[in-house]
Amino acid sequence: MALTVAVHKLTSCSGCQLAFLNQGPALLSLMEKVTFVHFIEAGLYDPNTPVDLALVEGSVTTKDDLERLKQVRAHCRYLVTMGACATSGGVQALRNMANVDVWKRAVYARPDFIDTLADSTPVAEHVKVDFELWGCPVTQAQLDQLILQLSRGVLPKDDAEKVCMACKRAQQVCVMVTRQEPCMGPVVRTGCGALCPSFGRGCYGCFGPSEQPNGDSLANRFAGLGLQPEEIVQRFAGIHSHTPSHQAQIKRWQQLIVKEIE
Ligand code: SF4
Ligand code: SF4
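Residues numbered from 1 in each chain as written. Chains lettered and ligands numbered in written order. Predicted model: local features only at pLDDT ≥ 70, side-chain atom pairs only at ≥ 80, totals over all residues. Heavy atoms only, no water.

Under an unreviewed UniProt entry, the protein chain has the name Oxidoreductase and belongs to Fluctibacter halophilus.

This is the structure in structure tokens:
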């Protein structure tokens, strides 16, 4: 029997939902394996019917996000996060490094109209998550694997291998070694087949931290390439700033920025 699926959105840009819908002909063959029950971006609204799989896009940023997330968890067998926002807090988690009231006053003409939590947090900080799809956005291959494995009653294997491994398998020339281009490949997980190095640019880490990341070593290498502390912070703060391994480097190099100003 086809898996019943609900796709929910919390705070996000909807890019992962669009990546889902943009699969083209592959989406049609996927439809043979799943029955969508709720997917607002595709015109289906039925958030509370129990489903086999709830895919959640977006971080928890408002009280409403949190309440809806609890309802999602109560109405599904498997809950899987879809993309960077749901899995690590996303780009919007950058605000966790500052005071939310200061941001509200700086950005909005009427900050008193803005009802938001102090932080942007990943789904797993609030409810049980069965599997995480990293990526900004997620890829068709990730979604296909997930649906295929769940149709067989198992969860996919989490692959947190480094981008460098995919880069070497593709026999690409290392941009960091040959061109002194800062690359996050040694500390972030692949999922793209090392796409950016194949175009001669460094990876900026859209799939999040890898297994056993050695951030200290890579950040020291960045400094050796001439990056200033604020540039190193920017590399680690890009998309997954709320993850522990990236946070460690952000804090480490932020201290040096302050010392330079002093
Ligand atoms: S280009 Fe980047 S991802 Fe490729 S081997 Fe070098 S450091 Fe690793
Ligand atoms: S930023 Fe890194 S992980 Fe993202 S597509 Fe480019 S190489 Fe792949």
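(A) Spotlight on the site of ligand 2. What surrounds ligand 2 is the set Cys192, Leu195, Cys196, Pro197, Cys203, Tyr204, Gly205, Cys206 and Phe207. Grouping the constituent residues of the shell around ligand 2 by class yields eight nonpolar, one polar and no charged. (Near = heavy atom within 4 Å. Nonpolar A, V, L, I, M, F, W, Y, C, P; charged D, E, K, R; others polar.)

(B) Here's a closer look at the domain arrangement of the protein chain. Entries for the protein chain in the domain assignment read domain 1 (3-151) and domain 2 (163-261). A separation of 26 Å is found between the C-alpha centroids of domain 1 and domain 2. In this complex, domain 1 contributes 18 residues to the contact, which on the side of domain 2 involves 16 residues. A combined buried area of about 1,100 Å² lies between domain 1 and domain 2, and 64% of that area is made up of carbon and sulfur atoms. Counting across the domain 1 and domain 2 interface gives zero salt bridges. Where domain 1 touches domain 2, the interface holds four residue pairs in polar contact (both at pLDDT 80 or more). Residue composition of the side of domain 1 that touches domain 2, by class: nine nonpolar, eight polar and one charged. (Domains from an automatic or database assignment. Contact = heavy atoms within 4.5 Å. Buried area = accessible area lost by both parts, 1.4 Å probe. Salt bridge = Lys/Arg side-chain N within 4 Å of Asp/Glu carboxyl O. Polar contact = N/O pair within 3.5 Å; in protein donor to acceptor, adjacent residues only side chain to side chain.)

(C) Highlighting the pattern of salt bridges. Applying the stated criterion across every chain, the model contains 12 salt bridges. Measuring nitrogen to oxygen at the nearest pair gives 2.8 Å for the salt bridge that ties Glu161 to Arg169. If you follow the salt bridges from partner to partner, you end up with Asp64, Asp65 and Arg68 in one network.

(D) Structural detail: the pairing of strand 1 (residues 3-9). Strand 1 sits mainly inside the fold: five of its seven residues count as buried. With five bridges connecting them, strand 1 and strand 2 (residues 34-39) associate as parallel partners. Bridge pairing in strand 2 links Leu3 to Val34. As paired strands, strand 1 and strand 3 (residues 51-57) are joined by five bridges and run parallel to one another. Opposite Val5, over in strand 3, you have Leu53 as the bridge partner. (Buried < 20%, exposed > 50% of the residue type's maximum accessible area, 1.4 Å probe, protein only. Helix = DSSP H or I, 4+ residues; strand = E, 2+ residues; numbered from the N terminus. Pairing = 2+ DSSP bridges.)

(E) Representation of the UniProt feature "domain: NADH:ubiquinone oxidoreductase-like 20kDa subunit" (unreviewed entry) in the protein chain within the structure. In the UniProt entry, the feature "domain: NADH:ubiquinone oxidoreductase-like 20kDa subunit" (unreviewed entry) is given for residues 13-149. Secondary structure within residues 13-149 divides into 35% helix and 17% strand; the distance between the first and last C-alpha atoms comes to 27 Å. (UniProt positions renumbered as here; feature names shortened; annotations may be inferred.)

(F) The site of ligand 1, seen in detail. Every residue near ligand 1 is listed here: Val163, Cys164, Cys167, Lys168, Cys174, Val175, Met176, Cys183, Gly185, Pro186 and Pro197. Sorting the residues of the shell around ligand 1 by element identifies helix 7 (163-169) and helix 8 (175-179) as the ones contributing at least two each. Considering every element that reaches the shell around ligand 1, the biggest residue donor is helix 7, with four residues. Split by residue class, the shell around ligand 1 holds nine nonpolar, one polar and one charged.

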